[in-house]
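# Remarks on the overall topology
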2 protein chains.
Amino acid sequence: MNSQHFSTKERILGAAEQLFARLGFAGASLRQVTAAANVNLAAVNYHFGSKENLINEVFRRRLDELNAHRLQALDEALKKPESGLEHLLGAFIQPALDLSQDRGGGGAFVRVLARAYAEHNDALRKFLSDNYGHVMKRFHAAFAQRLPDLDKEELYWRLDIVAGALTYAMADFGVIKRKTGVTEQQHRERAAEHLIRFAAAGLRAP
Amino acid sequence: MNSQHFSTKERILGAAEQLFARLGFAGASLRQVTAAANVNLAAVNYHFGSKENLINEVFRRRLDELNAHRLQALDEALKKPESGLEHLLGAFIQPALDLSQDRGGGGAFVRVLARAYAEHNDALRKFLSDNYGHVMKRFHAAFAQRLPDLDKEELYWRLDIVAGALTYAMADFGVIKRKTGVTEQQHRERAAEHLIRFAAAGLRAP
DNA sequence: TCCTAGGTAAAACGAGCGTTTGAATGCTAC
DNA sequence: GTAGCATTCAAACGCTCGTTTTACCTAGGA
């Protein structure tokens with residue numbers, strides 16, 4: 001069992017991620033979370049202070065690593081001067097794809113992310129903006145450089161559409177049923193290709 | 001006040017829509033809803049039977065009309081044989097745009113729709129599929145006819161991406177701050193143009 | 001060995017939840 | 001007028017919520 005190998009904090013974070021993905025932040029109770037994590041109810045408030053803080057930490061645990069990978073992939077893409085939109089989109093999507101495939105419930109996290117997108121929760125938005133806004137700024141600048149003919153407002157619009165499409169599509173990976181004989185991993189990689197092709201064409205639209 | 005002109009049922013539906021958009025289905029309580037609607041708490045269970053049923057009725061009230069308009073617009077688009085992807089996309093988007101602009105809180109409803117999209121609530125999905133699945137089927141067929149070179153799987157993927165992008169973008173209309181001197185209506189119409197252009201390019205991607 | 005600090009445990013707190021009840025209303029038809 | 005029905009109302013139901021309290025356990029340093 002998880003109980004043996006992971007600390008109480010880690011088990012709470014893992015269980016919270018799963019339940020937030022399935023039931024939402026308001027819909028999942030701390031009693032459900034602590035029962036799934038096999039820890040005492042009071043452990044959440046002891047280790048995290050409050051439910052809202054737990055929610056933030058669920059994001060921080062994944063996003064620190066995810067956004068580091070994204071920036072790293074962006075840097076590599078920018079080194080090669082011949083790299084096009086597809087490479088920038090890949091630098092954004094591929095780390096999320098890797099995360100969603102890894103052991104330990106990364107797949108649940110992308111669904112949590114989609115929920116956060118749909119929620120217009122101000123506290124959560126501020127937390128995300130404060131901690132990860134700089135990543136979006138860097139991608140925005142990179143796209144602006146590759147799409148010099150697009151005026152700022154148009155680029156803003158299109159990137160917003162792209163972000164929404166990506167977030168939704170990532171969260172829905174499990175829903176579009178894959179053909180038999182296609183592994184989960186092949187399915188996800190194919191999804192990423194489709195996403196990138198679609199988004200690149202949309203960004204290049206006249 | 002609303003209290004004068006609308007029935008108890010209508011006031012409950014309106015208040016529920018607003019609060020579901022802001023707080024989510026689990027996050028908004030019947031006490032908040034009935035207080036905002038200026039009706040007695042028990043009125044919800046009297047008129048709707050349960051909270052879950054109220055949620056369904058919030059959808060039905062808007063979607064009956066919205067999807068009727070969409071099918072009507074689709075029929076008109078299909079009459080003109082020279083109509084392209086943009087017209088089909090317009091038939092899908094414009095009615096939603098009109099709804100989001102109307103008096104009486106249609107703007108809140110598109111955000112409720114985005115929440116429903118992010119929720120993978122099985123009961124809600126079944127309700128939507130049962131009641132409005134035929135609309136999506138008709139649009140799917142229309143797109144398939146205009147994109148004969150795309151194989152079925154690829155079209156499936158792309159329409160899924162389009163639906164996600166549209167849903168999120170519609171819900172986010174209020175978030176992208178508009179330039180000064182641009183009316184709310186102009187802002188939304190411009191948004192629809194951007195969406196259609198982006199989606200059409202994405203669908204046509206090689 | 002005792003002490004201490006960090007962690008866990010069970011139990012309870014008050015508040016709010018969805019739902020139900022039963023009496024009080026208002027309205028329509030006779 | 002009054003009977004009958006639909007609606008509204010205040011109150012309460014049992015339950016679950018996030019949080020707090022208090023006691024207990026168990027290393028590790030003095």
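Residues numbered from 1 in each chain as written. Chains lettered and ligands numbered in written order. Predicted model: local features only at pLDDT ≥ 70, side-chain atom pairs only at ≥ 80, totals over all residues. Heavy atoms only, no water.

On to the environment of E76 of chain A, then. Looking at the secondary structure, you find E76 of chain A in helix α5 (residues 51-79). As a C-alpha pair, E76 of chain A and L88 of chain A span twelve residues in sequence and 9.6 Å in three-dimensional space. (Helix = DSSP H or I, 4+ residues; strand = E, 2+ residues; numbered from the N terminus.)

Below, the discussion takes up the protein's contact with DNA strand C. Neighbouring DNA strand C are 15 residues, the closest being T8 of chain A together with S29, L30, R31 and K51 of chain B. Considering DNA strand C, the proportion of its atoms within 4 Å of the protein that are sugar or phosphate atoms stands at 47%. R31 of chain B has a polar side-chain atom sitting 2.7 Å from a base nitrogen of DNA strand C. Here a phosphate oxygen of DNA strand C sits 2.8 Å away from a polar atom, N or O, in the side chain of K51 of chain B. (Near = heavy atom within 4 Å. Polar contact = N/O pair within 3.5 Å; in protein donor to acceptor, adjacent residues only side chain to side chain.)

For the rest of this paragraph, the subject is the UniProt feature "domain: HTH tetR-type" (unreviewed entry) in chain A. In the UniProt entry, the feature "domain: HTH tetR-type" (unreviewed entry) is given for residues 6-66 of chain A. Helix makes up 77% of residues 6-66 of chain A and strand makes up 0%, while its end C-alpha atoms are separated by 21 Å. (UniProt positions renumbered as here; feature names shortened; annotations may be inferred.)

This brings us to the layout of surface pockets. Roughly 1300 Å³ of internal volume is contained in the second largest pocket. Taken together, 35 residues make up the lining of the second largest pocket; nearest its centre are Y168 of chain A together with Y117, M136, D160 and A163 of chain B. If you list the elements that add at least two residues to the lining of the second largest pocket, you get α5 (51-79), α6 (85-101), α7 (106-118), α8 (122-146) and α9 (152-171) of chain B. The element contributing the most residues to the lining of the second largest pocket is α8 of chain B, with ten residues. Class assignment for the residues of the lining of the second largest pocket results in 23 nonpolar, six polar and six charged. (1 Å grid on protein atoms, 1.4 Å probe; cavity = no way out; pocket = protein on both sides within 12 Å on 5 of 7 lines; lining within 4 Å. Points joined across faces, edges and corners; volume = space filled by probe spheres on them. Nonpolar A, V, L, I, M, F, W, Y, C, P; charged D, E, K, R; others polar.)

With 39 residues of chain B at the interface, the matching set in chain A holds 40 residues. Regarding the contact of chain B and chain A, the summed buried area is about 3700 Å², with carbon and sulfur atoms giving 69% of it. Together, W157, Y168 and F198 of chain B form the three largest contributors to the area buried by chain B at its contact with chain A, with a combined 22%. Joining chain B to chain A, the criterion identifies six salt bridges. Across the salt bridge formed by R115 of chain A and E119 of chain B, the nearest N and O atoms sit 3.7 Å from each other. For the pair chain B and chain A, the number of links is six residue pairs in polar contact (both at pLDDT 80 or more). Secondary structure elements with two or more residues in the side of chain B that touches chain A: α7, α9 and α10 (184-204) of chain B. Along the lines of polarity and charge, the residues of the side of chain B that touches chain A split into 21 nonpolar, six polar and twelve charged. (Contact = heavy atoms within 4.5 Å. Buried area = accessible area lost by both parts, 1.4 Å probe. Salt bridge = Lys/Arg side-chain N within 4 Å of Asp/Glu carboxyl O.)

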